[in-house]
Amino acid sequence: MTIVVTGGAGFIGSNFVLDWLGALAEPVVVVDKLTYAGNLGNIAEFADDPRLRFEHCDICDGAAMARVFAAHAPRAVVHFAAETHVDRSIDDAGAFLRTNVEGTFRLLDAALGYWRGLSPVAASEFRFLHVSTDEVYGTLGPDGAPFTETHPHRPNSPYSATKAAADHLVRAWFQTYGLPVLTTNCSNNYGPRQFPEKLIPLMILNALAGKALPLYGDGCNVRDWIYVADHCAGVRRVLETGDPGEVYNLGGGQEKTNIAVVRAVCARLDEVRPRPDGKTYADQLVFVKDRPGHDRRYAIDVSKAERTLDWKPAHTFEAGIATTVDWYLANGAWVASVKTGAYRNWIARQYAGIEP
Ligand code: NAD
Ligand code: TYD
């Protein structure tokens, strides 16, 4: 038995693979294009373990996907591969359309072809698990009830629109062809190995470099934050016990304003790596131009997952932030390795003119 994990060299995918191989005997085939966000160093811990195999492929390449299924005969696919950064999707949505929409279609199509050739028992046990986001549900007002699985899809960014499209394709492959799919919609993840374009790792690295900590708008947009290991555990539970065709919301139950998140990062840094001048890192906070179409608030109702999967997040925000800050402090070589020229160009363009 084996599973295929697309995007297994990215942030959540690599955490999923490391947790999986650390706990279970079953092999994993990582399928990854290694975009700027993918890094084989993320899974280097298992580089010499025969249970880890790597296929350097683009999920948009249908023939390559069919070959992966034929070569590895997986019992399941866990589909993480995507373009994931909202600001980049605003800058240029093309890659998001290609990977998130066309790539999910090619992967579904290859999975369907493979699934149709399986024995009846193997076909009934096969699963295609699509990893999605709470951003497909749109935005909430301050008193809006948290998103349930039946909340309409109302995506507002190019990123969330492409993820919503992918969710619909996955649903259609179940309704039309009977492919045994599962979908998870999760809130904002944080933890080790997150690419430093996203809020939390960007703030850690900017703080340490003495740079501005740029908060979009008034800094009061709200996200629900989940520690990445809790998300990975939820995905494993859905894979084990979820019902085909069902959607499961996952989240940390920890709603925070962006300014509260950044202050928490600063407080941890003040504790473990105080500024040489004795001041707080929070002095580096600056308010900058808002993101266009910036969703005001996400909140997620995870009662279905808690009730039906016997899953709940185990990490508090405070504990997760401490572990995350400490990981970035201890992994300077990883940080240096992901700060390529392309990364530096992105940061220079996105944050032009806001250095203190
Ligand atoms: P990431 O950007 O860190 O990693 C994405 C991975 O996908 C990289 O390894 C990249 O090389 C790979 N990839 C991109 N395009 C590809 C292609 N065409 N073919 C093959 N591989 C390709 O992303 P992440 O934050 O780990 O997110 C993983 C998944 O979880 C995504 O589907 C995302 O929408 C979803 N998700 C993320 C969050 C979050 O907070 N980060 C929350 C909910 C859901
Ligand atoms: P991000 O990590 O990009 O995740 P998402 O947009 O998918 O929720 O951003 C999290 C929040 O932080 C979001 O409200 C935008 C905000 N943000 C900033 O204020 N400054 C920044 O430099 C970044 C990257 C994000």
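Per-chain numbering applies: the sequence of each chain, read as written, is numbered from 1 onward. Written order determines the labels here, with chains lettered from A and ligands numbered from 1. Residues qualify for local features only when their pLDDT is at least 70, as the model is predicted, and side-chain atom pairs are given and counted only at 80 or more; totals for whole chains, interfaces and linings, by contrast, use all residues. Processing note: side-chain calculations cover all non-hydrogen atoms of the structure and skip hydrogens and water entirely.

Enquirer: Explanation requested: the site of ligand 1 in the structure shown.
Expert: Whether a residue is near a molecule or strand depends on its heavy atoms: it is near if one of them lies within 4 Å of it. Close contacts around ligand 1 come from 28 residues, with Ile12, Asp32, Thr84, Tyr159 and Lys163 the closest. Two N or O atoms count as a polar contact when they lie within 3.5 Å, although within protein this holds only if one can serve as hydrogen donor and the other as acceptor, and sequence-adjacent residues are included solely when both atoms are side-chain atoms. Within the contact set of ligand 1, an oxygen atom lies 2.6 Å away from a side-chain nitrogen or oxygen of aspartate 32. In this structure, a nitrogen atom belonging to ligand 1 sits 3.0 Å away from a side-chain N or O atom of threonine 99. In these tables, accessible area is a Shrake-Rupley quantity obtained with a 1.4 Å probe, and a residue counts as shielded only by the protein chains included in the view. When the free accessible area of ligand 1 is taken as 840 Å², the share hidden by the protein chains comes to 97%. Under the DSSP-based scheme used, a helix requires at least four consecutive residues in state H or I and a strand at least two consecutive residues in state E, with every element numbered from the N terminus. Those elements that place two or more of their residues in the shell around ligand 1 are helix 1 (11–23), strand 5 (127–133), helix 6 (158–177) and strand 7 (188–190). Sorting elements by how many residues they give to the shell around ligand 1 places strand 5 first, with three residues. Residues are sorted three ways: Asp, Glu, Lys and Arg are charged, Ala, Val, Leu, Ile, Met, Phe, Trp, Tyr, Cys and Pro are nonpolar, and all the rest, Gly among them, are polar. Grouping the constituent residues of the shell around ligand 1 by class yields 13 nonpolar, eleven polar and four charged.

Enquirer: Before we go on, may I ask you to explain the sheet that holds strand 9 (residues 222–227) in this structure?
Expert: The pairing of strands in a sheet happens through backbone hydrogen bonds and is either parallel or antiparallel. Strands are treated as partners if at least two bridges between them are detected by DSSP. If you trace the three strands from one edge of the open sheet to the other, you get 7-9-11, paired in mixed fashion. Sheet topology places strand 7 and strand 11 (255–257) at the edges, where each strand pairs with a single neighbour. If you compare each strand with its neighbour and ignore which way they point, the axes differ by 50° on average. Summarising the sheet, strand 7 and strand 9 pair through three bridges and their orientation is parallel. Of the residues in strand 9, the one forming a bridge with asparagine 188 is tryptophan 225. Throughout, a residue-residue contact means that at least one pair of heavy atoms, one from each residue, lies within 4.5 Å. Between N-to-C directions, angles cover 0 to 180 degrees, with each direction set by a line fitted to C-alpha atoms, over the stretch in contact for helices. The strands that helix 9 (residues 258–272) touches are strand 9 and strand 11; relative to strand 11, the one it contacts most, it runs at about 85°.

Enquirer: Is there a simple way to think about helix 8 (residues 228–241) in this case?
Expert: Each turn of an α-helix holds 3.6 residues, which means side chains three or four residues apart point in the same direction. Residue count minus one, scaled by 1.5 Å, sets the expected span of a helix. Helix length check: helix 8 (14 residues) gives 20 Å between terminal C-alpha atoms against 20 Å at 1.5 Å per residue, within 8%. Every buried residue of helix 8 is listed here: Val228, Asp230, His231, Cys232, Gly234, Val235, Arg236, Val238 and Leu239. Exposed residues in this analysis have more than 50% of their type's maximum accessible area, buried residues have under 20%, and partly exposed residues fall in between, with area computed by a 1.4 Å probe over protein chains only.

Enquirer: Got a minute to help me understand the sheet that holds strand 5 in this structure?
Expert: With parallel pairing, the seven strands of this open sheet are ordered in space as 3-2-1-4-5-6-10. Each having just a single partner strand, strand 3 (52–55) and strand 10 (247–250) make up the two edges of the open sheet. Across this sheet, the average inter-strand angle for adjacent strands is 20°, counted without regard to direction. Sheet topology places strand 4 (residues 76–79) next to strand 5; four bridges connect them, and they run parallel. Paired with alanine 76 across the strands is arginine 127, a residue of strand 5. Packed onto the sheet, helix 6 meets strand 5 and strand 6 (181–186) and runs at close to 155° relative to strand 5.

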